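Listed below, chain by chain, are the residues.
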Amino acid sequence: VHLPHKAAMHAVNPVQRLRLLRARLENTSREAVPPADEFHAEMSEIFHSMRDLHTNYLLPEPYASRVAFLPFLVEEFFADTVAQYMVTKVARGADLAGLEPGVLVTHWNGMPIDRAVEVNAARYAGSNAAARHTRGVESLTVRPLRVHRFPDEDWVVVRYLKDGRARDLQVP
């Protein structure tokens, strides 16, 4: 019911993208069909382009019952109106070489953390910038694969500040 509004508001045409995907698949030989993860990634992108939390593409098994996560949680807070990102929880028994609650995260995969959140937020639904931003922060470290696209990364490099020194940690 909201499709015309969402299409205009976000300059997207998900129905046409679905038609193009179907045509592309119908004209592809069985041997040349792309892997399932590419199909699901494209479907997720099409549905998320509407930025509507009521319209979701739910991934099937084996994704539906899985959660991609890192063994720590990053949350946003503000100091003098400036967003900062702090590790607030670490999984029991995780060996993270000094990454612990209270450290500030400054970079994510070589990008300043603000930009990494912005890039991540653009991949997920949320009807306004604040909602997408919140999704961008929370999905850095936890992604239920039923509704979130699975990670492209095999590992993440996190730069954080501890005792005034910048440290890097690569986490699978």
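Residues numbered from 1 in each chain as written. Predicted model: local features only at pLDDT ≥ 70, side-chain atom pairs only at ≥ 80, totals over all residues. Heavy atoms only, no water.

Draft legend 1. Broad picture of the pairing of strand 7 (residues 156-162). The two faces of strand 7 differ: Val156, Val158, Tyr160 and Lys162 on one face are buried, but Val157, Arg159 and Leu161 on the other face are not. As judged from the seven bridges shared by strand 7 and strand 8 (residues 165-171), these two strands associate in the antiparallel manner. Counted as the bridge partner of Val157 is Gln170 from strand 8. Connecting strand 7 to the next strand, strand 8, in antiparallel fashion are two residues, including Asp163 with a positive phi near 55 degrees. (Buried < 20%, exposed > 50% of the residue type's maximum accessible area, 1.4 Å probe, protein only. Helix = DSSP H or I, 4+ residues; strand = E, 2+ residues; numbered from the N terminus. Pairing = 2+ DSSP bridges.)

Draft legend 2. Up close: a nonpolar patch on the surface. Together, Val67, Phe69 and Val142 line one region of the surface with nonpolar side chains, adding up to about 270 Å² of accessible area. Topologically, Phe69 is positioned in strand 1 (residues 67-69). (Patch = residues over 30% accessible without salt bridge, like charges linked within 9 Å, V, L, I, M, F, W, Y side chains within 5 Å. Areas by Shrake-Rupley, 256 points an atom, 1.4 Å probe, with all protein chains shown as cover. Salt bridge = Lys/Arg side-chain N within 4 Å of Asp/Glu carboxyl O.)

Draft legend 3. Summary view of the packing of helix 4 (residues 113-121) against helix 5 (residues 129-138). At a minimum axis distance of 8 Å, the contact between helix 4 and helix 5 shows a crossing angle of 110 degrees. Considering their axes alone, helix 4 and helix 5 lie roughly perpendicular with respect to each other. Here Val117, Asn120 and Ala121 of helix 4 lie close against helix 5, whose contacting residues are Arg132, His133, Arg135, Gly136 and Val137. Residues belonging to the contact of helix 4 with helix 5 are distributed by class as follows: three nonpolar, three polar and two charged. (Axes fitted to C-alpha atoms, helices over the stretch in contact; angles between N-to-C directions. Parallel < 35°, antiparallel > 145°, perpendicular 65-115°, else oblique. Contact = heavy atoms within 4.5 Å. Nonpolar A, V, L, I, M, F, W, Y, C, P; charged D, E, K, R; others polar.)

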